[in-house]
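Letter by letter, the chains look like this.
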Amino acid sequence: MSRGGRRRFLAWSAASAALSVSAIRAWAAPAIAVRESDVLIVVDVQNCFMPGGSLAVKDGDRIVPLINRLARSFKHVVLTQDWHTADHVSFASQHPGKKPFETVQLPYGTQVLWPDHCVQGTEGAMLHKGLDIPRAELILRKGYRREVDSYSAFLEADKKTQTGLGGYLQQRGLKRVFFAGLATDFCVAWSALDARRQGFEALVIEDACRGIDNQGSLAKAWAEMTAAAVQRIQSTDLVEKT
Ligand code: VGL
Ligand code: ZN
């Protein structure tokens, strides 16, 4: 290398070393500043989905402290609660000869069958005790009609019945919807996809979610979300306040 070349190289190395960690992160993944018109939707952080629950999601309890922290950065937070009748059509127990995680055909299409979970008013349906978001402005219950499931917080599984959440967000001027909670591949994914269909920006905070991953459902859910322009982000991509 020529003397000039070496000098340029040394100057370049020094400049590189001076690049701050935050600058590198900004380059790797643009930081997202939370806006007034953003809402965090915390999906189904309920006892039945916690380790030891009837439809346990692995490490489901691990995301609770992170969700509490994230919620403090948002002006608007909505919680959802899976809320089934004791004889709900999505329960394997209602279909003689069927086991959990098998499927049945229902008038609205294929339904995965689940262990009994989140029965209205039971301890299992309660929000996890560690969830600490007193500012949450709405708790939306879903799946409360015996004949129709609702993974989505926007639209029931019949694909006809609106929950009203889309109207609520729209009337309150909320445009960008961030998702955290359980489970990534069912209620979070279906909610994020419907958010897109209803004209919202949708971002799933991956490390603030956990999945069930039944027969490849997690990879399939991410593929569908990516195709629908749902953004897959990490909690570290968010910068505190605006
Ligand atoms: C859920 C399966 C059945 C969820 C709810 O919250 O993802 N999954 N009911
Ligand atoms: Zn359910």
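Residues numbered from 1 in each chain as written. Chains lettered and ligands numbered in written order. Predicted model: local features only at pLDDT ≥ 70, side-chain atom pairs only at ≥ 80, totals over all residues. Heavy atoms only, no water.

*Asks:* Just give me the short version of the site of ligand 1, but keep the residues and values in it.
*Replies:* Surrounding ligand 1, one finds Asp44, Phe49, Leu55, Asp82, Trp114, His117, Tyr151, Leu182, Ala183, Phe186, Cys187 and Ile212. Separating an oxygen atom of ligand 1 from a backbone N or O atom of Ala183 is a distance of 3.0 Å. In isolation ligand 1 offers 250 Å² of accessible surface; the protein chains occlude 100% of this area. Here the shell around ligand 1 is built from residues that sort into nine nonpolar, one polar and two charged. (Near = heavy atom within 4 Å. Polar contact = N/O pair within 3.5 Å; in protein donor to acceptor, adjacent residues only side chain to side chain. Areas by Shrake-Rupley, 256 points an atom, 1.4 Å probe, with all protein chains shown as cover. Nonpolar A, V, L, I, M, F, W, Y, C, P; charged D, E, K, R; others polar.)

*Asks:* Provide a residue-level description of the layout of surface pockets, including the pertinent values.
*Replies:* Volume-wise, the largest pocket comes out at about 530 Å³. Contributing to the lining of the largest pocket are 26 residues, with Val112, Tyr151, Phe186, Trp190 and Lys220 lying nearest its centre. Contributing elements (two or more residues each) for the lining of the largest pocket: strand S5 (109–112), helix H5 (184–197) and helix H6 (217–227). Per-element accounting of the lining of the largest pocket gives the leading share, seven residues, to H5. For the lining of the largest pocket, the residue count by class is 10 nonpolar, nine polar and seven charged. (1 Å grid on protein atoms, 1.4 Å probe; cavity = no way out; pocket = protein on both sides within 12 Å on 5 of 7 lines; lining within 4 Å. Points joined across faces, edges and corners; volume = space filled by probe spheres on them. Helix = DSSP H or I, 4+ residues; strand = E, 2+ residues; numbered from the N terminus.)

*Asks:* Account for the coordination of the zinc ion (ligand 2), naming residues and giving values.
*Replies:* The protein atoms that coordinate the zinc ion (ligand 2) are Asp82 (OD), His84 (NE2) and His117 (NE2), at distances spanning 2.0 to 2.2 Å. Angles of 88 to 171° at the metal separate the four donor atoms of the zinc ion (ligand 2), which places the site in the irregular class. In primary-sequence terms, the residues that donate to the zinc ion (ligand 2) follow D-x1-H-x32-H. Of this pair, Asp82 sits in strand S3 (residues 77–82) while His117 sits in the loop between S5 and strand S6 (138–142), and the two are 35 residues apart along the sequence. Asp82 sits in the buried class, given a relative accessible area of 3%. Assessed through its relative accessible area of 3%, His117 is described here as buried. (Donors = N, O, S within 2.8 Å, 3.2 Å for Na, K, Ca; no water. Tetrahedral: all angles 85-135°; square planar, octahedral: opposite > 155°, others 65-115°. Buried < 20%, exposed > 50% of the residue type's maximum accessible area, 1.4 Å probe, protein only.)

*Asks:* So, the pairing of S3: which residues are in play, and what are the values?
*Replies:* By the criterion of burial, S3 is predominantly enclosed, with six of the six residues buried. Of the two faces of S3, the one holding Val77, Leu79 and Gln81 and the one holding Val78, Thr80 and Asp82 are both buried throughout. Where strand S2 (residues 38–43) meets S3, three bridges bridge the pair, whose relative direction is parallel. Bridge assignment links Leu40 to a residue of S3, and that residue is Val77. In this region the chain leaves S2, passes through helix H3 (residues 64–71) and returns to the parallel neighbour S3; the handedness of that crossover is right-handed. Alignment of S3 against S6, held across five bridges, turns out to be parallel. Paired with Thr80 across the two strands is Leu140, which belongs to S6. (Pairing = 2+ DSSP bridges. Right-handed = clockwise from strand over helix to strand, strands pointing away.)

*Asks:* Can you break down the packing of aromatic side chains residue by residue, with the values?
*Replies:* Evaluation of the coordinates by the stated rule reveals seven aromatic pairs. Look at Phe74 and Phe178: their rings are 5.1 Å apart centre to centre, the planes differ by 65°, and that puts the pair in the edge-to-face class. Of this pair, Phe74 sits in the loop between H3 and S3 while Phe178 sits in strand S7 (residues 176–182), and the two are 104 residues apart along the sequence. Side by side, Phe74 and Phe178 carry an identical accessibility label, which is buried. With a centroid separation of 5.6 Å and 85° between ring planes, the pair formed by Phe101 and Trp114 is classed as edge-to-face. A residue pair is termed long-range when its members are at least 10 positions apart, and Phe101 in the loop between S3 and strand S4 (103–106) and Trp114 in the loop between S5 and S6 qualify at 13 residues. According to the relative accessible area criterion, Trp114 is buried, its value standing at 3%. By way of ring pairs, the aromatic residues Phe101, Trp114, Tyr151, Phe186 and Trp190 are connected into one cluster. Over the aromatic face of Trp222 sits the side chain of Arg232, whose NZ or CZ is 4.0 Å from the ring centroid. (Phe/Tyr/Trp six-rings, centres within 6.5 Å; stacked < 30°, edge-to-face > 60°. Lys NZ or Arg CZ within 6 Å of the ring centre and 35° of its normal.)

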